[in-house]
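Descriptive analysis of the structure
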Amino acid sequence: MQDVVVIEDAAAAAASLDPLRARLLRELAAPSSAAGLAAKVGLPRQKVNYHLRALEEHGLVELVEERRKGNVMERVLQATAASYVISPAALAAVQPDPAQFRDRFSAYWLLALASRMVREVGRLLSGAVAAEQQLATFAVDGEITFASAASRAAFAAELGAEVARLAAKYHDPAATGGRKHRLVVALHPTPKEDPQPFEDPRSKEVQR
């Protein structure tokens, strides 16, 4: 099982967005059978099997083992990843294009850049996993409190200048065998109210 899988296929994205199928994916973080899942979600095994076949068809779950249970061969499945991200490539006709904005202070350009990052890193990661290789990446995440809009603007200008200096220092387009890397630096306000944390319905069942 991978930590994260990026979904590019539109049909697979639609399958993952179905509430019941999303619940099954969450339950399949640990291997289980249709019978075991049916007991957890409160649905007939046949209906659960129908949804599992759809998830398996799109590569979202995979067969772990088959074991005999009485006169029946029981299939044990597991999700292919602990988490899933839907790539903008799933909506290829309307995915954002960073080249259409090119404004450092535009939130739309920031979203377009983030969308491109999901699409590109998702494809690179799929190739790296298939080749059983590590994908070389680097990220920085943090929060800064600015006293004023002026200080934020000054920070952005200084950061841009420093990034440009480092890029000029290390960029070598003539290097034999050199590999291009995408560099994206983002700054945006932290939401004042964080989304409600995910609550597993099983926790309520345990409390009753």
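The protein appears in an unreviewed UniProt entry as Transcriptional regulator from Sinomonas cyclohexanicum.

Under the defined criterion, the tally for this structure stands at two aromatic pairs. With 6.5 Å between their ring centres and 20° between their planes, F101 and Y108 make a pair best called stacked. For F101, a relative accessible area of 36% puts it in the partly exposed group. Note on Y108: relative accessible area 61%, which makes it exposed. When the centroid spacing of 5.3 Å and the interplanar angle of 55° are considered together, the rings of F146 and F155 count as tilted.

It is worth spelling out the sheet that holds strand β4 (residues 72-79) at this point. Judged by pairing direction, the sheet is antiparallel, and its three strands sit side by side in the order β2-β4-β3 without closing on themselves. Sheet topology places β2 (32-33) and β3 (61-69) at the edges, where each strand pairs with a single neighbour. Sheet analysis places β3 next to β4, joined by eight bridges and oriented antiparallel. Bridge pairing in β4 places R67 opposite E74.

The next thing to look at is the pairing of β4. Bridge count for β2 against β4 is two bridges, and the pairing is antiparallel. Within β4, the position partnered with S33 by the bridge is V76.

Here R116 is to be found in helix α5 (residues 107-130). Of the side chains with opposite charge, E120 lies nearest to the buried R116, which makes no salt bridge, at 4.3 Å. Setting aside residues up to four positions removed in sequence, R116 forms contacts with P98, R182 and V184.

This paragraph deals with the packing of helix α3 (residues 34-41) against helix α4 (residues 45-57). For the pair α3 and α4, the least separation of the axes is 9 Å and the interaxial angle reads 110°. Overall, the two elements α3 and α4 adopt an arrangement that is roughly perpendicular. In this structure, the crossing between α3 and α4 has a hand that is right-handed. Counted together, A34, A35, L37, A38 and V41 of α3 and R45, V48, N49 and L52 of α4 form the full contact between these two elements. By residue class, the composition of the contact of α3 with α4 is seven nonpolar, one polar and one charged.

The rules behind these values
- Residues numbered from 1 in each chain as written.
- Predicted model: local features only at pLDDT ≥ 70, side-chain atom pairs only at ≥ 80, totals over all residues.
- Heavy atoms only, no water.
- Phe/Tyr/Trp six-rings, centres within 6.5 Å; stacked < 30°, edge-to-face > 60°.
- Buried < 20%, exposed > 50% of the residue type's maximum accessible area, 1.4 Å probe, protein only.
- Pairing = 2+ DSSP bridges.
- Helix = DSSP H or I, 4+ residues; strand = E, 2+ residues; numbered from the N terminus.
- Lys, Arg positive; Asp, Glu negative; His and termini not counted.
- Salt bridge = Lys/Arg side-chain N within 4 Å of Asp/Glu carboxyl O.
- Contact = heavy atoms within 4.5 Å.
- Axes fitted to C-alpha atoms, helices over the stretch in contact; angles between N-to-C directions.
- Parallel < 35°, antiparallel > 145°, perpendicular 65-115°, else oblique.
- Left-handed = near helix turned anticlockwise from the far one by under 90°.
- Nonpolar A, V, L, I, M, F, W, Y, C, P; charged D, E, K, R; others polar.

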